[in-house]
Amino acid sequence: MRFLVVMAAFSVALPLAGCLQPLYAPAGFGLDSAPLAAELQSIQVDEIPQRIGHYVRNELIFGLNGTGSQPPPRYRLMVTLRERVQTPIIDTVTGRATSATVIVDAEYRLVTVPQEIEVTKGIAFNVASYDRFSNRFSNVRAARDAEIRNARVIAESIRTRIATVMAARMASAPPPVVPN
């Protein structure tokens, strides 16, 4: 009986075996083994103002091109951030906030460099909470740690969305002609 259940599950799963392809897998054409990685490395990230912008930009640069190489830019990524802090819990005795929530919205836009043709755009956001104490310096450090956590999550979200769009574009593009 158990054998029949296993065989039935296997026969249902077998037709789906070739449907999934890893996002960063080679596309199977040309001589380059990682065309998506090369496309992501050719993205230039514009300056983003404020401290949280600095964190997001650094995370994006590392996530898109962690190799340190500087290929000629083919794309330009523009990011606009909006940050706000909410204090949802107030201590009734002291009247001070006991926690805070840092909310960051990132509106991004990826365009081609010479033609300024829009490739993709979207909004990524993240929420990070931290506890507040009577020590002012610990509050400042906790708020900065929340900003850094937000920056990492937002940069990873933007990178994944861009990689998905680029992979779809590469899959729909005709394979390049390889000279013999």
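Residues numbered from 1 in each chain as written. Predicted model: local features only at pLDDT ≥ 70, side-chain atom pairs only at ≥ 80, totals over all residues. Heavy atoms only, no water.

Colleague: Sorry if this is basic, but what is going on with the pairing of strand 4 (residues 118-131) here?
Modeller: Consecutive side chains along a regular strand alternate between the two faces of the sheet. Strand direction decides the pairing type here: strand 3 (residues 99-112) and strand 4, joined by 13 bridges, are antiparallel. Residue arginine 109 lies in a different strand from strand 4, and its bridge partner there is lysine 121. As consecutive antiparallel partners, strand 3 and strand 4 are separated by five residues, and within that stretch glutamate 116 has a phi angle of approximately 60°, a positive value. (Pairing = 2+ DSSP bridges. Helix = DSSP H or I, 4+ residues; strand = E, 2+ residues; numbered from the N terminus.)

Colleague: Is there a simple way to explain the nonpolar core in this structure?
Modeller: For soluble globular proteins, nonpolar side chains are generally found buried alongside one another. Of all hydrophobic cores here, the largest spans 35 residues; its most connected members are Ile43, Leu77, Ile158 and Ile162. When contributions to this core are tallied by element, the ones reaching two or more residues are helix 2 (35-41), strand 1 (43-45), helix 3 (50-64), strand 2 (75-86), strand 3, strand 4 and helix 4 (136-172). Per-element accounting of this core gives the leading share, 11 residues, to helix 4. Once residues lying within four places of it in the same chain are set aside, the contact partners of isoleucine 162 are Leu40, Ile43, Leu77, Tyr108, Leu110 and Thr120. (Core = buried A, V, L, I, M, F, W, Y, C linked by side-chain atoms within 4.5 Å. Buried < 20%, exposed > 50% of the residue type's maximum accessible area, 1.4 Å probe, protein only. Contact = heavy atoms within 4.5 Å.)

Colleague: What am I meant to see in the pattern of salt bridges here?
Modeller: Opposite charge on two side chains makes pairing possible when the charged atoms of those side chains draw close. Following the criterion strictly, the structure yields 11 salt bridges and no others. The salt bridge involving aspartate 105 is made with arginine 82; its shortest N-O contact spans 2.8 Å. One end of the pair, aspartate 105, is in strand 3; the other, arginine 82, is in strand 2, with 23 residues separating them in the sequence. Among the ionic pairs, aspartate 145 bridges to arginine 141, the shortest N-O distance being 2.7 Å. Of this pair, aspartate 145 and arginine 141 are both found in helix 4, four residues apart, which corresponds to roughly one turn of the helix. By relative accessible area, which is 30% here, aspartate 145 ends up partly exposed. Members of the salt-bridge network, linked through shared partners, are Asp46, Arg76 and Glu116. (Salt bridge = Lys/Arg side-chain N within 4 Å of Asp/Glu carboxyl O.)

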